[in-house]
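# Coordinate analysis (summary)
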Amino acid sequence: MDNQKVNNSKRKLLASAGAIGLGGLVPNSAIGQSSGSENMPPNIPKWMKSLGEPVNWRSYGLPSEFEKHVVKFKRPSDQPTEGVSLTPLQDLHGTITPSGLIFERQHGGVPIIDPSQQRLMVHGMVKRPLLLDMNDIVRLPSISRVYFLECSGNTSRDWAKPVSKNVQQTHGLLSNCEWTGVLLSTLLDEVGVDPKATWILAEGSDASAHTRSLPIGKCFEDAMLVYAQNGEMLRPEQGYPLRLIIPGWEGNVSVKWLRRLKVGDAPFYTRQETSRYTDLMPDGKAREFTFVMEAKSVITKPSGGQKLLKQGFNEISGLAWSGNGRIQRVDVSTDAGKTWREARIDGPVQTRAVVRFTYPWSWNGGPAILQSRAVDETGYVQPTRSQIISLRGINSRYHYNAIQSWGVNSNGEVSNVQA
Amino acid sequence: MFRPDFSKILLAVLISLSSSALLAQTYGVGKTLTNKEIEGWNIDVRPDGQGLPKGSGSAVTGKPLYVQYCAACHGQNGEGKPSNQLVGGRGSLNTAKPIMTVGSYWPYATIVFDYINRAMPFHAPQSLKPDEVYGITAYLLYLNQIIPENEILDAKTLPKVVMPNRYGFISDPRPDLHNNPCRDSCKP
């Protein structure tokens, strides 16, 4: 019903808006306007009058040279090998994050590992402790699944007040990929887990020997040992040649460059699950083992730093995801949250994966505040900023999933605002 | 006269054979590990002390090691800059400016040992000997006024150190927020 309404209103908008070009929105000055004159009828552009680049001119394809501005952004950090880089969500389309643009959170640099040297030790409370190489892993029954990956610190810089300029900086610790590998349960069955076991320690082979404890239920439910993403082997900065993917949970537990799994009967309480990745509340107590990334959404078009060029039809488009299952619905408001209408969800809705939503909007040339609100299949509704702050304060750095507001001014300029 | 039903017996035997075959079925991947091989990589330390190696150290032995390996990033007295502050902050967790350090925040002393042992010094991880890790751990606990300067830490004593924020952690209560999906005339 709601979709029907949306489609009808979209048709009306399309009819009234007339010609719609890509130029409705200027993400930055890089989209060329100077070349327009050369390629105007009756002129024949120069690229039609000579042969192009040879077949296979790049044996591994690269984006067009006109897309050079679409890159990750690295935040300043104490050490070049420690910190984050963020995904340019404002320049991406659909739902899959290109492998070269997936955000990074590194704790001790990116190790360069020859896959012939890769070993995974599985031990502890198991019948048959094993050491596996990549040939062993690839021999096991494989699956491919699309899951989002989000750092639990995503958007936390804007917790107290809006400070980030664009959606790359507010929400760019988010990516969504097709992951290929082996269900962790397959390997756990292979080693024979003691029924009394309750937790598994996962350890990476980077210079921080990054380590997290995982409840065994999740390990048997949907956790994956992953060697490929988006159809090719993992990128080095994404854990080549072997990593965990723990669907829907904070990215920090999807341990990269995985070298060891130890089955035990208690959490291990490592530094990365105590000193960090715990959520400090106003009373001074901290929540521990806060794994799930709850439902969240953000409008990526139009978003901070962009500019609407024309009144009339301007499609609103964004991303929504939930660590607790499938996205059920996304609502959009263009009046700072007074009125909400259902957006269209484009494409398949998969559990713990990003969906793309769109909403047909006619900009009247005046100021507007754009928001999106995700609802997941558990009935959970993405909260407002004030709801989060009233309960959790502003000292926590993790799991901030508030409704994001983008302000549009009468010049069409879009900025990060508080509403 | 008792006449066994051979068809039922045969069925039972077949079922037990096939189920045991299923249980024992493995893909035959990997190499069986010896205890010695496991020992080489089995470096983690739990709060109960499981995994702590032999060796010992105190703040006295740890201080020169801290100055040599840690102070450049964490400050002469653990005050931080450029890297994380390690000392102080007690009583600040429920204020507007919480200072989360080893002394104010970390719940178990074993975490200090485990993290130094696996990830520090930042530019040369896994290069310190157990005695050195015990010593630096003791020095940090001493700077945070948790243990006396001459207390010897080893596999038996380290897990017994009670950290100030030992009971500062609670389990995840989420979902803790319940937004109303209002459609019209909503209060933003």
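Residues numbered from 1 in each chain as written. Chains lettered and ligands numbered in written order. Predicted model: local features only at pLDDT ≥ 70, side-chain atom pairs only at ≥ 80, totals over all residues.

On a plain count of helices and strands, chain A comes out with 6 helices and 26 strands. Over its C-alpha atoms chain A spans a radius of gyration of 23 Å, differing by no more than 12% from the 22 Å that the globule rule assigns to 419 residues. In chain A, buried positions account for 48% of the 419 residues. Counted over contacts in chain A with a minimum sequence separation of 6, partners at least 24 positions apart contribute 71%. (Helix = DSSP H or I, 4+ residues; strand = E, 2+ residues; numbered from the N terminus. Rg over C-alpha atoms; globule rule 2.2 N^0.38 Å. Buried ≥ 20, exposed ≤ 12 C-beta atoms within 10 Å, placed from the backbone. Contact = placed C-beta atoms within 7 Å.)

All names here are of chain A. Where helix α4 (residues 184-191) is concerned, the buried positions are L184, L187, L188, E190 and V191. End-on view of α4: buried residues confined to an arc of 155°, all on one side of the axis. Each element contacted by the buried residues of α4 is listed here: β5 (120-124), β6 (130-132), β8 (174-183), α5 (216-221) and β11 (224-229). Phi for G192, located one or two positions after α4, is positive at around 75°. (Arc of directions from axis to C-beta.)

Turning our attention to the interface of chain B and chain A. Contacts between the two partners involve 46 residues from chain B and, on the opposite side, 59 residues from chain A. Those elements giving two or more residues to the side of chain B that touches chain A turn out to be β1 (31-32), α2 (35-41), α5 (109-119) and β4 (169-171) of chain B. With 5 residues, α5(B) is the largest single contributor of residues to the side of chain B that touches chain A. Here the side of chain B that touches chain A is built from residues that sort into 26 nonpolar, 9 polar and 11 charged. (Nonpolar A, V, L, I, M, F, W, Y, C, P; charged D, E, K, R; others polar.)

The next thing to look at is the confidence of the model for chain B. Overall, the predicted model of chain B reaches an average pLDDT of 91, with 86% of residues at or above 70. Listed scores for the predicted complex are pTM 0.91 and ipTM 0.89. (pLDDT = per-residue confidence, 0-100.)

All names here are of chain B. Within the secondary structure layout, H74 lies in helix α4 (residues 71-74). Distance in space between the C-alpha atoms of H74 and N84 is 6.1 Å, their sequence separation being 10 residues. Excluding its chain neighbours within four sequence positions, the residues that come into contact with H74 are G80, S83, N84 and L86.

Looking now at unusual backbone geometry. Here B:K81 and B:P82 are connected by a cis peptide whose omega angle stands at 5°. You can see B:P82 is positioned in the loop between α4 and α5. Here B:M120 and B:P121 are connected by a cis peptide whose omega angle stands at -10°. By the secondary structure assignment, B:P121 is in the loop between α5 and α6 (130-143). You will see that A:W257, though not glycine, has its phi angle at about 50°, which is positive. When you line up the elements, A:W257 lands in the loop between β13 (243-245) and β14 (258-264).

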